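Geometric and topological summary
Now for the letters of each chain:
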Amino acid sequence: KSRFGDGDVPLDLAKMAAKAAKEKAIKPSIKRCIEKLEALNASKSISALRQTADLFLQTKLQQTSSSSKNVSPKVESILRKRMNAILHQPCIDLREGVGGDVDLIELEVLRLVQKEIDLVL
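Quick summary incoming for the structure in this document. (Residues numbered from 1 in each chain as written. Predicted model: local features only at pLDDT ≥ 70, side-chain atom pairs only at ≥ 80, totals over all residues. Heavy atoms only, no water.)

Topic: the side chain of Glu-116
Note the cut-off: Secondary structure is summarised from DSSP: a helix means a run of H or I of at least four residues, a strand means a run of E of at least two, and numbering begins at the N terminus for each. Throughout this description, a polar contact denotes any pair of N or O atoms lying within 3.5 Å of each other; where both atoms belong to protein, one of them has to be capable of donating a hydrogen while the other can accept it, and for residues adjacent in sequence the pair is counted only when both atoms sit in side chains. In what follows, residue pairs with any heavy atoms lying within 4.5 Å of each other are defined as contacts.
Looking at where Glu-116 falls in the secondary structure, it is placed in helix H3 (residues 102–120). A distance of 2.9 Å separates a polar atom in the side chain of Glu-116 from a polar atom in the side chain of Arg-82. Once residues within four sequence positions are removed from consideration, Glu-116 is found in contact with Leu-79, Arg-82 and Ile-86.

What to know about the packing of helix H1 (residues 11–67) against helix H2 (residues 73–95)
Helix-helix packing is characterised by the crossing angle of the two axes and by the distance between the axes. Short version of the rule: What counts as an axis is a line fitted to C-alpha atoms, over the stretch in contact for a helix, and the angles between N-to-C directions run from 0 to 180 degrees. Note on terminology: angles under 35 degrees are roughly parallel, angles over 145 are roughly antiparallel, angles of 65 to 115 are roughly perpendicular, and the others are oblique. In this scheme the handedness of a crossing depends on how the near helix is turned from the far one: anticlockwise by less than a right angle means left-handed, clockwise means right-handed. Residues are grouped as follows: nonpolar covers Ala, Val, Leu, Ile, Met, Phe, Trp, Tyr, Cys and Pro; charged covers Asp, Glu, Lys and Arg; every other residue, Gly included, is treated as polar.
Axis separation between H1 and H2 bottoms out at 10 Å; the angle between their running directions is 160°. It follows that H1 is roughly antiparallel to H2 by the angle criterion. Regarding H1 and H2, the two cross each other, and that crossing is right-handed. Residues Ala-42, Ser-45, Ile-46, Leu-49, Arg-50, Ala-53, Asp-54, Leu-57, Gln-58 and Leu-61 of H1 pack against Glu-76, Leu-79, Arg-80, Met-83, Asn-84, Leu-87, Pro-90, Cys-91, Leu-94 and Arg-95 of H2. In terms of residue class, the contact of H1 with H2 is built from twelve nonpolar, three polar and five charged.

What to know about the nonpolar core
The line we're drawing: Nonpolar cores were defined as sets of buried Ala, Val, Leu, Ile, Met, Phe, Trp, Tyr and Cys residues, with membership established by side-chain atoms within 4.5 Å. A 1.4 Å probe rolled over the protein chains alone gives each residue an accessible area, and that area as a share of the maximum for its type sets the label: buried under 20%, exposed over 50%, partly exposed in between.
Grouped together as the largest cluster of nonpolar side chains are 16 residues, with contacts concentrated most on Leu-49, Leu-57, Met-83, Leu-87, Val-109 and Val-113. Elements with a contribution of two residues or more to this core: H1, H2 and H3. For this core, the element with the highest residue contribution is H2, accounting for six residues. Sequence-distant contacts of Leu-57, that is, excluding residues within four places in its chain, are made with Leu-79, Arg-80, Met-83, Val-113 and Ile-117.

Structure below.
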């Protein structure tokens, strides 16, 4: 019930105000919170992907250097640039939430890095 004379708000008006608050304040706040959580998760995935690729390249370079031929700093620099180019699109996709399965992305990145190593060395 609503009594206008003593300061009570009509029930329909209270419902409208609650709905407006939900639409204009609560939903956008929840959306921002979810976006921040997704960005944090993406950031962790991107960091892990970059670390894995870097470790893979470093290991392959060490194996090559310890076997038959030394890897010059110039060749290492070229391979690092190619690795970064390979990582670029998957990292963008992960950041935008369209990357898919991180394990599959990692395998594909490592396969492509190996392919570049084979081409350069």
